[in-house]
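A look at the structure
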Amino acid sequence: MTLSLSPPLAAALRPLPLMSLFSSISLPISLIPSPNRAKSFNFLRTPPRAVSRSNGAAASPAAKAATVNTKTVSKKKESKKESGSNGRALVAKAEVKAEAKAEETEAEEEEEEGLNIADNVTQLIGCTPMVYLNKVVEGCVANIAAKLESMEPCRSVKDRIANSMILAAEESGTITPGKTVLVEATAGNTGIGVAFVAATKGYKVIVTMPASVDIEKKIILRALGAEVVLTDPVKGLKGAQEKAEQICADIPNAYLLQQFDNTANSKIHYESTGPEIWEDTKGLVDIVVASIGTGGTITGTGNYLKKMNKTIKVIGVTPLDRNVPSGDEPGYRPPVLDVGLLDEVLKVSNEDAIEMAWRLALEEGLLVGISSGGAAAAAIRIAKRPENSGKLIVVIFPSFGERYIRTALFSSIHEEVQKLREDNHNWITDYVRGSRRE
């Protein structure tokens with residue numbers, strides 16, 4: 001069915017063009033979209049108009065003058081009322097600004113404190129991790145956890161004492177950056193620790209060492225800016241010490257750190273290494289094992305742990321061919337070493353230390369030096385004793401293995417790698433089958 005419209009009605013209902021619609025309709029101003037609402041309607045964007053609140057009639061001169069006078073009187077009255085409170089208002093305003101500034105400064109400080117970034121590399125010394133040994137401990141009835149001093153910034157426990165000795169000398173006013181020349185006799189690691197700390201502070205460093213010390217340590221020392229003076233290897237570290245004393249006597253403003261005699265050596269282990277072990281083990285450590293060396297590590301660490309629990313055993317480790325005091329046994333005594341602290345001293349052969357260091361790398365993934373291998377071998381020996389069943393033994397690994405590439409620790413591998421040649425890969429088949437490449 002079709003609806004038929006008369007011509008007048010059809011014309012009336014015909015749609016109007018959009019603009020015609022707006023021009024033919026008068027809307028109340030409240031219904032016209034505001035500039036904010038009209039953002040999606042570009043054709044309605046018009047500059048806002050000033051709305052006049054007058055009735056449109058022009059004001060007479062007398063009326064204008066009266067208005068001005070009225071405003072002046074009002075301002076004077078307001079001024080009188082406000083004059084008494086202006087001072088208080090200014091003070092209050094200043095206090096608000098000061099408080100806002102303080103809050104802003106505090107927020108900035110909190111934001112900076114929240115950043116986990118050290119100011120310099122010396123702040124990364126200490127807080128080294130601990131890890132259980134899992135595969136080299138067959139036959140053990142006690143648990144063994146290694147403290148990895150090999151993860152210090154310059155890869156040895158000597159980083160702690162180097163920083164400690166320099167700080168102690170600075171605090172006493174004995175040395176000054178940019179003026180004092182630091183001198184130390186070393187077999188390598190202490191010298192490296194001194195060199196890297198000195199580099200951050202602006203000291204010159206002279207290191208004396210036996211010529212027999214491996215080349216890697218000499219290169220690292222030079223890379224860190226230290227001057228290296230080599231001494232007769234037959235005289236060992238004693239000869240290096242004598243040379244260091246001579247240098248201090250000849251050079252103005254030279255200062256000898258003397259790691260073997262410096263109380264800052266053991267002090268830093270009492271203040272850091274010992275507390276770290278106590279905290280990480282929740283006080284459950286029963287035995288601590290460490291190489292004796294200068295005596296600083298075992299003395300400082302052992303003293304702190306015994307203070308916390310007098311039943312904790314402190315056991316020192318020394319090479320088989322070296323005499324170190326162990327109760328009634330006479331021998332060389334490092335001045336820093338507290339002999340009365342030691343419950344026992346175990347001797348480990350160089351061969352056993354090297355073999356254990358190899359096993360730690362191959363089975364535990366821990367690349368450490370010979371002293372660490374010796375300490376681990378001693379700790380395993382202790383962990384097999386029936387009376388130590390269920391106990392927790394902490395052994396300190398003093399240094400990283402990469403520093404000993406040319407020593408007896410890796411000599412066989414060094415020779416093997418030097419013989420590597422470019423060839424085909426047929427040997428891979430034999431390797432996969434279990435045979436070693438020739």
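Keep in mind the model is a prediction, meaning the values are calculated, not measured. (Residues numbered from 1 in each chain as written. Predicted model: local features only at pLDDT ≥ 70, side-chain atom pairs only at ≥ 80, totals over all residues. Heavy atoms only, no water.)

Turning to helix H4 (residues 158–171), a few remarks are in order. Across its 14 residues, H4 extends 20 Å between first and last C-alpha, which sits within 8% of the 20 Å expected from 1.5 Å per residue. Counting buried residues in H4 gives 10 out of 14 residues, a clear majority hidden from the surface. Along its buried surface, H4 packs onto strand E2 (143–148), strand E3 (181–185), helix H5 (189–201), strand E6 (254–256) and helix H8 (263–280). Phi turns positive, to about 80°, at glycine 173, one or two residues after H4. (Helix = DSSP H or I, 4+ residues; strand = E, 2+ residues; numbered from the N terminus. Expected span 1.5 Å × (residues − 1). Buried < 20%, exposed > 50% of the residue type's maximum accessible area, 1.4 Å probe, protein only. Contact = heavy atoms within 4.5 Å.)

A cluster of acidic residues, Glu95, Glu99, Glu103 and Glu106, forms a negative patch on the protein surface. With respect to the secondary-structure elements, glutamate 99 resides in helix H3 (residues 61–113). (Patch = residues over 30% accessible without salt bridge, like charges linked within 9 Å, V, L, I, M, F, W, Y side chains within 5 Å. Areas by Shrake-Rupley, 256 points an atom, 1.4 Å probe, with all protein chains shown as cover. Salt bridge = Lys/Arg side-chain N within 4 Å of Asp/Glu carboxyl O. Lys, Arg positive; Asp, Glu negative; His and termini not counted. Charge placed at Lys NZ, Arg CZ, Asp CG, Glu CD.)

Axis separation between helix H10 (residues 350–364) and helix H11 (residues 370–383) bottoms out at 7 Å; the angle between their running directions is 95°. Classified by the interaxial angle, the pair formed by H10 and H11 is roughly perpendicular. Seen from H10, the contacting residues are Asn350, Ala353, Ile354, Met356, Ala357 and Leu360; seen from H11, they are Ile370, Ser372, Gly373, Gly374, Ala376, Ala377 and Ile380. (Axes fitted to C-alpha atoms, helices over the stretch in contact; angles between N-to-C directions. Parallel < 35°, antiparallel > 145°, perpendicular 65-115°, else oblique.)

What follows covers the nonpolar core. One finds Leu133, Ile144, Val289, Leu360, Ile393, Val395 and Phe397 to be the most contacted residues of the largest nonpolar core, which totals 36 residues. Listing elements by their share of this core, those giving two or more residues are E2, strand E7 (287–291), strand E8 (313–319), strand E9 (344–348), H10, H11 and strand E10 (392–397). Here the element with the most residues in this core is H11; it accounts for 9 residues. Setting aside anything within four residues of it in sequence, one finds leucine 133 in contact with Ile144, Ala146, Leu360, Glu364, Leu366 and Phe397. Cys154, Met209, Leu221 and Leu257 belong to the second largest nonpolar core, which has 25 residues in total. (Core = buried A, V, L, I, M, F, W, Y, C linked by side-chain atoms within 4.5 Å.)

A few words now on unusual backbone geometry. Phi is positive for glutamine 258, close to 55°, though the residue is something other than glycine. Looking at the element boundaries, glutamine 258 is found in the loop between E6 and H8. With a phi angle near 55°, lysine 282 is a residue other than glycine that sits in the positive phi range. Its location among the elements puts lysine 282 in the loop between H8 and E7.

We now examine the sheet that holds strand E4 (residues 204–210). Taken in spatial order, the 4 strands of this open sheet run E5-E4-E3-E6, and their pairing is parallel. Since the sheet does not close on itself, it has two edges, and those belong to strand E5 (227–231) and E6, each with one partner. Between one strand axis and the next, the sheet turns by 25° as a mean value, whatever way the strands run. Contacts between helix H6 (residues 215–223) and the sheet are confined to E4 and E5, with E5 contributing the most and set at about 150° to the helix. (Pairing = 2+ DSSP bridges.)

Our focus in this paragraph is the sheet that holds E9. Pairing is mixed in the open sheet, where 6 strands are placed in the order E1-E2-E10-E7-E8-E9. Strands with a single pairing partner mark the edges of an open sheet, and in this sheet they are strand E1 (130–132) and E9. Averaged over all neighbouring strand pairs, the angle between strand axes comes to 25°, with direction disregarded. Here 5 bridges tie E7 to E8, and the two strands are oriented parallel to one another.

It is worth spelling out the packing of aromatic side chains at this point. Tallying each qualifying case throughout the model produces 1 aromatic pair. Here the aromatic rings of tyrosine 270 and tyrosine 304 are separated by 5.6 Å at their centres, their planes lie at 80°, and the arrangement is edge-to-face. Within this pair, whereas tyrosine 270 is found in helix H8, its partner tyrosine 304 is found in helix H9 (residues 296–308), the two being separated by 34 residues in sequence. In this structure tyrosine 304 comes out as buried when scored by relative accessible area, which is 12%. (Phe/Tyr/Trp six-rings, centres within 6.5 Å; stacked < 30°, edge-to-face > 60°.)

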